[in-house]
Amino acid sequence: MVATLSVDNLNIRFAHRTGTLEAVAGASLRIEPQECVGIVGESGSGKTQLFLAAMGLLAGVAQVSGSIRFAGNELLGAKAAALNRVRGSKLTMIFQDPMTSLTPHLRIGTQLAEVLVSHAGLSWKEARGAAERMLEQVRIPDPKRRLQQYPYELSGGMRQRVMLAMSLLCKPDLLIADEPTTALDVTLQAQIMELLRAARGETGMALALISHDLGVIAGLADRILVMYAGRIVENASAAELLLRPRHPYTAELLKCVPRLSGPRSARMPTLAGQPPQPGEALQACPFAPRCSRAADRCRVQPPTLAGSSMSQVACHFPLS
Amino acid sequence: MKAPLLQVRNLRVEFGQQLAVRDVNFDLFAGETVGLVGESGAGKSTLARALLRLLQPAQGSVQLAGLDLLKCPPAVMRAQRRNLQIIFQDPLASLNPRMTVGDAIAEPLLIFEPELTAAARRGRVAAMLERVSLTADMASRYPHELSGGQCQRIGIARAAVLRPNLLVCDEAVSSLDVSIQGQIINLLLDLQQEMGMAILFISHNLAVVRNLSHRVLVMYLGKLVEVASSEALFAAPVHPYTRALLAAVPRIPPVAGAPEPLAEASLAADSITHGCAFRDRCPYALPLCASTDPPLSEIAAGRWVACHRSHETLNPLS
């Protein structure tokens, strides 16, 4: 079976005044049809850059090597015309900030219909009709009126639903959702999560869900990838990873998440130190300086992501 | 019983026709941490700003150790400001980009303790930097050279250097990664223990509020709808809004059969002149809720709820 998205040995580097900044280092992953993969990691761990590369949206100064294939077709180095045939239709992405993702001076209806006019060859009239039905599907009340409105007239939660509607118009094979609920309240977050769940059920699309919030990921993902300092450090089924994390970083991260049940404690569990800063020299295992299990080997020999296809970990001393 | 540090009575803030804070009453005791939760637009930050007189409330009083902050003359208020400090969500935006970190921490000392010699001030700044787990040599750095977590430590140092009685944390850890968030919260708790200050902790992160707070205030469209100890509130929320809010938080591992998410509000905030503001989203609303706004009343010791049905055992949300 051809993977919906397959990334092989992807490296993304930026020139930096103190040398080269490695945003993504040797990342490989597969997203199968209909699968929901959650990608967690802290700010700067490279999770967004990895998927921006797939969309051909990296900054021009980025140095990229490796391979990203969408349904078997290479995306890296592809001409804009070739990319534009898939992105926005079969490969779509929504972002954290729904305000800056919409064009401020165009009506919602125009922005939605445009997608179908340019990708599916519909007439503007047909496209508007389809846009209205899609707004209904993402449970926007009074969609006819909303089509006539500008983004500023909509609340944040509603804008994010418009973005979601836009990304679903052409029945994508893969939707990349980058922190889709981070700017929203818990109640709106629950609504968007519900819509993503429903959209997967209806269209059978695959979903790449990027978030630093393990709770959001836990609610939707079949499989979870954990990133640290540009590397994928763990890859396992959601159930397995949340209950039995194997990479010490994953385990620490899970411990740090404050809980709504169980004993209360004012003092929070913490992870000592901080993630590497841009341009900082890394040890062979970038997590070694913060890791309680680190030994000399971790500072000289880079761990590689290894294991079965069900559970992989990049650690010399994984938890069992 | 000890007298409260801060007594808030009938506090009301209006923006034109819109009531942003509707007759809020609560007490805050020295050394206490009180969480304030609610959705965006509930009026959490507006309430905090009104307490600190960063905006002028339409009515009500805020008594700090017996002094009404809203009525005292500007000179008296200025002198009180050293006791009232606030830290914000965006740690970088809260610092002057053209001021070194050392100058930023020294500024409150220059204003409130002008008798200090330059050397003594530098000593206080260095001690404070070390207190927030940074190094004294960081005093000469600029905010852009620091990470988000480090900037928030500077914000805390600047607020704590005067040993305030009240520290308002307005989404102070919301923009930080989870591994850094715990470090900052623990720092706040340590400082609170040393200085005995009260903390008003505003956050939309319910799990953080649960663990950190002694008591919790739940706010909906400008009104407090439930006030309880953190223990009681999270174990058994009473107000339907509190219940919906808690149900919306994703769990790890996920729980099966999670309730339908709360619908978006259909009542415009400025159109609520009578009745309960939450009735359009409330699965338990009665005809009474459309006509009469339920008052915040004490249903058990220390537990206040504004709901007509707070005395009933309501079926779980489904």
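In short, a report on the structure. (Residues numbered from 1 in each chain as written. Chains lettered and ligands numbered in written order. Predicted model: local features only at pLDDT ≥ 70, side-chain atom pairs only at ≥ 80, totals over all residues.)

**Section: the overall build of chain B**
Turning to step 1, where the next piece is worked out: Scanning chain B from N- to C-terminus turns up 10 helices and 12 strands.
Turning to step 2, where the next piece is worked out: Taken against the 2.2 N^0.38 rule, which gives 20 Å for 318 residues, the C-alpha radius of gyration of chain B at 21 Å falls within 12% of a compact globule.
Turning to step 3, where the next piece is worked out: Within chain B, the fraction of its 318 residues that count as buried is 45%.
Turning to step 4, where the next piece is worked out: For chain B, contacts bridging at least 24 residues in sequence account for 64% of all contacts bridging at least 6. (Helix = DSSP H or I, 4+ residues; strand = E, 2+ residues; numbered from the N terminus. Rg over C-alpha atoms; globule rule 2.2 N^0.38 Å. Buried ≥ 20, exposed ≤ 12 C-beta atoms within 10 Å, placed from the backbone. Contact = placed C-beta atoms within 7 Å.)

**With respect to the sheet that holds strand S5 (residues 67–68) of chain B**
Turning to step 1, where the next piece is worked out: Read from one edge of the open sheet, 4 strands run S2-S1-S4-S5 (chain B), paired in antiparallel fashion. The two strands at the open ends of the sheet, each matched to only one other strand, are strand S2 (18–28) and S5 of chain B. (Pairing = 2+ DSSP bridges.)

**So, unusual backbone geometry**
Turning to step 1, where the next piece is worked out: Residue Pro253 of chain B is bonded to the preceding Ile252 of chain B through a cis peptide linkage, with omega at -15°.
Turning to step 2, where the next piece is worked out: For Pro253 of chain B, the position within the fold is in the loop between helix H9 (240–247) and helix H10 (287–291).
Turning to step 3, where the next piece is worked out: The phi dihedral of Asn9 of chain A falls on the positive side, at around 45°, and the residue is not glycine.
Turning to step 4, where the next piece is worked out: With respect to the helices and strands, Asn9 of chain A occurs in strand S1 (residues 5–16).
Turning to step 5, where the next piece is worked out: Residue classification places Asn9 of chain A among the exposed residues on the basis of 11 C-beta atoms within 10 Å.
Turning to step 6, where the next piece is worked out: One non-glycine residue, Ala65 of chain B, lies in the positive phi region at around 45°.
Turning to step 7, where the next piece is worked out: Among the secondary structure elements, Ala65 of chain B is positioned in the loop between strand S4 (59–64) and S5.
Turning to step 8, where the next piece is worked out: Accessibility expressed as a C-beta count within 10 Å gives 13 for Ala65 of chain B, which makes it partly exposed.

**So, the nonpolar core**
Turning to step 1, where the next piece is worked out: Membership of the largest hydrophobic core comes to 186 residues, with the highest contact counts inside it found for Ala165, Ala208 and Leu209 of chain A together with Leu224 of chain B.
Turning to step 2, where the next piece is worked out: Looking at this core, the element that brings in the most residues is helix H8 (residues 186–203) of chain A, giving 8 residues.
Turning to step 3, where the next piece is worked out: If we ignore the near neighbours within four places in the chain, the residues touching Ala208 of chain A are Ile31, Val37, Ile39, Phe51, Leu174, Ile176 and Ala177 of chain A. (Core = buried A, V, L, I, M, F, W, Y, C linked by C-beta atoms within 7 Å.)

**Quick word on the interface of chain B and chain A**
Turning to step 1, where the next piece is worked out: With 36 residues of chain B at the contact, the number on the chain A side is 35 residues.
Turning to step 2, where the next piece is worked out: Within the residue set of the side of chain B that touches chain A, elements represented by two or more residues are helix H6 (178–195), helix H7 (206–212), helix H8 (230–235) and H9 of chain B.
Turning to step 3, where the next piece is worked out: No other element matches the 8 residues that H6 of chain B contributes to the side of chain B that touches chain A.

**Observations regarding the pairing of strand S6 (residues 84–87) of chain B**
All names here are of chain B.
Turning to step 1, where the next piece is worked out: By the alternation rule, side chains of S6 split into Leu84 and Ile86 and Gln85 and Ile87, which are all buried.
Turning to step 2, where the next piece is worked out: Judged from the 4 bridges that link them, S6 and strand S7 (residues 166–170) form a sheet pairing that is parallel. What sits directly across from Ile87, in S7, is Cys169.

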